[in-house]
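Coordinate analysis (summary)
Chain residues, written in single-letter form:
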Amino acid sequence: EAIRRTGRQQVIIAGTGFELCATLPALSSVAESYDTSVVFDASGRFEPLPMTAITRLSQAGVVLVNAGPLILEMMADNTHPSAREIYAALV
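Here's a quick rundown of the structure. A quick note: this is a predicted structure, and the numbers were derived from the prediction, not measured.

Take I13: it is sitting in strand β1 (residues 10-13). Taking the C-alpha atoms as reference, I13 lies 7.6 Å from T36; in sequence the two are 23 residues apart. Apart from the residues lying within four places of it in its own chain, the contact partners of I13 are A22, P25, A26, S29, T36, S37, V38 and V39.

Okay, structure coming up:
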């Protein structure tokens, strides 16, 4: 309901545990017709490469992303007022 009230169609998710805390809300989000991304490297994991969860998300249409490129994509270009601070934080 909170997401619906924003009027936005894109949802970005990370969770303390990738396999449950990120995967389950992402699957629900896709089921509600949102464009959904899960930030893989910003989510905790019980196993180094949880292929079952990755496959399940991919098959459902969830996009798996890493935080650095996602942040730069959201920034749009280098004229963003906080570009220097953002680049410094990514290093």
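Here the narrative resumes, following the displayed structure.
Following the criterion strictly, the structure yields 2 salt bridges and no others. Where R4 meets E1, a salt bridge forms, and the shortest distance between an N and an O atom there is 3.3 Å. A relative accessible area of 57% places E1 in the exposed class. Several salt bridges share partner residues, and in doing so they unite E1, R4 and E32 into one network.

Right, let's get into the layout of surface pockets. To find leftover empty space, one rolls a probe the size of a water molecule over the atoms. For the largest pocket, the calculated volume is near 340 Å³. Within the residue set of the lining of the largest pocket, elements represented by two or more residues are α1 (2-6), β1, β2 (35-39), β3 (63-65) and α4 (67-75). Residue composition of the lining of the largest pocket, grouped by class: 8 nonpolar, 5 polar and 3 charged.

Now for the nonpolar core. Of all hydrophobic cores here, the largest spans 13 residues; its most connected members are I13, F18, A22, A26, V38, L57 and V62. Residue assignment for this core shows that the elements contributing at least two residues are β1, α2 (18-31) and α3 (51-60). A per-element tally of this core places α2 first, with 4 residues. Ignoring anything within four residues of it in the chain, the contact list for V38 reads I13, F18, A22, A26, S43, L57, V62, V63, L64 and V65.

To continue, consider α3. The complete set of buried residues in α3 reads A53, I54 and L57. Down the axis of α3, the smallest arc covering the buried residues is 100 degrees, so these residues share one side. Summarising the geometry of α3, the exposed residues directed more than 90 degrees from the buried face are T52 and Q59. On its buried face, α3 sits against α2, β2 and β3. In the stretch just after α3, G61 is the one whose phi turns positive, near 100 degrees.

Okay, the sheet that holds β3 next. Strand pairs in the sheet, formed through backbone hydrogen bonds, run parallel or antiparallel to each other. The 3 strands lie next to each other as β1-β2-β3, forming an open sheet whose pairing is parallel. For this open sheet the edge positions go to β1 and β3, each flanked by a neighbour on one side alone. With strand direction ignored, the average angle separating the axes of adjacent strands in the sheet is 25 degrees. In the sheet, β1 pairs with β2 via 4 bridges, with the strands oriented parallel. Directly across from V11, in β2, lies its bridge partner T36.

Conventions we followed
Residues numbered from 1 in each chain as written. Predicted model: local features only at pLDDT ≥ 70, side-chain atom pairs only at ≥ 80, totals over all residues. Heavy atoms only, no water. Helix = DSSP H or I, 4+ residues; strand = E, 2+ residues; numbered from the N terminus. Contact = heavy atoms within 4.5 Å. Salt bridge = Lys/Arg side-chain N within 4 Å of Asp/Glu carboxyl O. Buried < 20%, exposed > 50% of the residue type's maximum accessible area, 1.4 Å probe, protein only. 1 Å grid on protein atoms, 1.4 Å probe; cavity = no way out; pocket = protein on both sides within 12 Å on 5 of 7 lines; lining within 4 Å. Points joined across faces, edges and corners; volume = space filled by probe spheres on them. Nonpolar A, V, L, I, M, F, W, Y, C, P; charged D, E, K, R; others polar. Core = buried A, V, L, I, M, F, W, Y, C linked by side-chain atoms within 4.5 Å. Arc of directions from axis to C-beta. Pairing = 2+ DSSP bridges. Axes fitted to C-alpha atoms, helices over the stretch in contact; angles between N-to-C directions.

Honestly, that's just the spatial picture; any functional story needs more than this.
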